[in-house]
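Each chain is listed here by its residues.
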Amino acid sequence: MSQNEAELLSVLRAQFPAQPPRRLGIAVSGGSDSIALLHLAKRCFSGEDFQLFAATVDHGLRPEAVAEAEWVARVAADIGVAHETLIWKDWDGTGNLQDQARRARYSLLTEWARRNQIETVALAHTADDQAETVLMRLGRAAGVSGLAAIPKRRMQDGVVLVRPLLGVTRAALREFLTAAGLGWCDDPSNENTRYDRIKARKALATLQPLGLDAQVLSEVASNMARAREALDWYTFLAARDLAVIDAGDVMLDLRGFRTLPDEIARRLLLHAVCWIRGGEYPPRRAAVAAVMSALRQEKSAQLHGCLILNRGRRVWICREFKAVEAAHARLGELWDGRWVLSGPVSADAEIRALGPGGLARCPEWRNTGRPYAALQATPAVWRGDDLIAAPLAGMPGSWTARLKGGEEDFYASLLSH
Ligand SMILES: Nc1ncnc2c1ncn2[C@@H]1O[C@H](COP(=O)(O)OP(=O)(O)OP(=O)(O)O)[C@@H](O)[C@H]1O
């Protein structure tokens, strides 16, 4: 065994706990990185209680993909690994194709994992991918979280996704494959579709004389990931100390909020807004900075479909009516991605925001202690234009409103990176 191979095996081994998962999946595109991961995992882990699986996603976008998936299947069969090709058929022709293909890839992989009781799926992102991501994020003036770049581990749909090769260069993986007489496919889509990545790759070559190579930048990312973890922890403590949840809204003690270090306060505000709004994408840094400055001047503000209301001793963060005005759900369905309403079965009723019109029909709303603007964006049960119930605005009838994930999720999700 070459020294390079021995080093790669030891890096791979170190990325897993003493007891590796009993059933490990590998996402294999057929490119050098994932083919190397497949062979290395086969050589690294063995034993009666361990089983390796591989899957290739065919996005149906390149005719060669069929042959590549078949080739991966043969490679896997040769080393005794069960392989499956997962075919993406659902593109509806809308949205950004690359983004949709990526989402489809992850959901096909996690669905495959769950079907086969695979707890952990490994992806073969390398130090080169990590370094390119760091450079691209630097170009967008990213902070600590952005520079932490590609995470080593995350959960999706109950499956753990790990990237054990983030500290290893593509060159080392190719050297291993070549020395072992193992082949791989070149994926032309990588070259055609990711222009910003290609630019970053070229920039890396230029930066090398400064010591800024893939290995070093990937170390920077892992330093930043540790710093992010620490910041998340202190944001969590601040949330426990200063935040109270009421009817899905977040209330912050203003005096305590003002004494926080700026970065912790910013993270707490950002988390509150993202938790209320849901979805993957956070607001822009400049927009968050503008709200921080409004709060310093004791003003209210709007951010990312939420309102940030200055209420004297408290900051009240809630959904904005305008952002949910058009949202409607049938009974039993989630409304605004977070509310479930339960009550008597009623055929033609639906859930919509209460709005100013509905709120005018809730004489008891002041007794809730909730701001007028916040209540407008709460879920209500409607039949046509008739308001049947507004469970969060003092007109519950026989209805209750339950928050998906519960209030505790606000705190817990701060630590779930
Ligand atoms: N078609 C595929 N089938 C199976 N696994 C794949 C496929 N494409 C990518 N992967 C997995 O993802 C890893 C990273 O691939 P690649 O760099 O092409 O993805 P990316 O789009 O940059 O990453 P991400 O999808 O995380 O944003 C691969 O090494 C492999 O493990």
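Residues numbered from 1 in each chain as written. Predicted model: local features only at pLDDT ≥ 70, side-chain atom pairs only at ≥ 80, totals over all residues. Heavy atoms only, no water.

### A closer look at the site of the ligand
Around the ligand, the structure places 17 residues, and the nearest of them are Ala27, Val57, Arg102, Arg105 and Tyr106. Within the backbone of Ala27, an N or O atom sits 2.7 Å from an oxygen atom of the ligand. At 2.7 Å from an oxygen atom of the ligand is found a side-chain nitrogen or oxygen belonging to Arg105. Counting only elements with at least two residues in the shell around the ligand, the list comes to β2 (51-58) and α4 (97-115). A class-by-class count of the residues in the shell around the ligand yields seven nonpolar, six polar and four charged. (Near = heavy atom within 4 Å. Polar contact = N/O pair within 3.5 Å; in protein donor to acceptor, adjacent residues only side chain to side chain. Helix = DSSP H or I, 4+ residues; strand = E, 2+ residues; numbered from the N terminus. Nonpolar A, V, L, I, M, F, W, Y, C, P; charged D, E, K, R; others polar.)

### Observations regarding the domain arrangement of the protein
Where interface size is given, it is often the accessible area lost as the parts come together that is meant. Each assigned domain of the protein is listed with its residue range as follows: domain 1 (3-222), domain 2 (225-320 + 409-415) and domain 3 (325-403). Computed over C-alpha atoms, the centres of domain 1 and domain 3 are 45 Å apart. (Domains from an automatic or database assignment.)

### Focus: the pattern of salt bridges
One pass over the full model with this rule turns up 22 salt bridges. Where Arg267 meets Glu263, a salt bridge forms, and the shortest distance between an N and an O atom there is 2.9 Å. A residue pair is termed a helical-turn pair when its members lie 3 or 4 positions apart in one helix, as Arg267 and Glu263 do in helix α12 (residues 262-277) at four residues. Overall, the relative accessible area of 26% leaves Glu263 in the partly exposed class. Via salt bridges that share partners, Asp232, Glu263, Arg266 and Arg267 belong to a single interconnected network. (Salt bridge = Lys/Arg side-chain N within 4 Å of Asp/Glu carboxyl O. Buried < 20%, exposed > 50% of the residue type's maximum accessible area, 1.4 Å probe, protein only.)

### Details of the packing of helix α2 (residues 32-44) against helix α7 (residues 170-179)
Relative orientation of the contacting elements α2 and α7 amounts to 60°, with a least axis distance of 9 Å. Regarding the angle of α2 to α7, the classification is oblique. The way α2 lies across α7 gives a crossing that is left-handed. Contacts between α2 and α7 involve Ser32, Asp33, Ile35, Ala36, His39, Leu40 and Arg43 on the former and, on the latter, Arg170, Leu173, Arg174, Phe176 and Leu177. (Axes fitted to C-alpha atoms, helices over the stretch in contact; angles between N-to-C directions. Parallel < 35°, antiparallel > 145°, perpendicular 65-115°, else oblique. Left-handed = near helix turned anticlockwise from the far one by under 90°. Contact = heavy atoms within 4.5 Å.)

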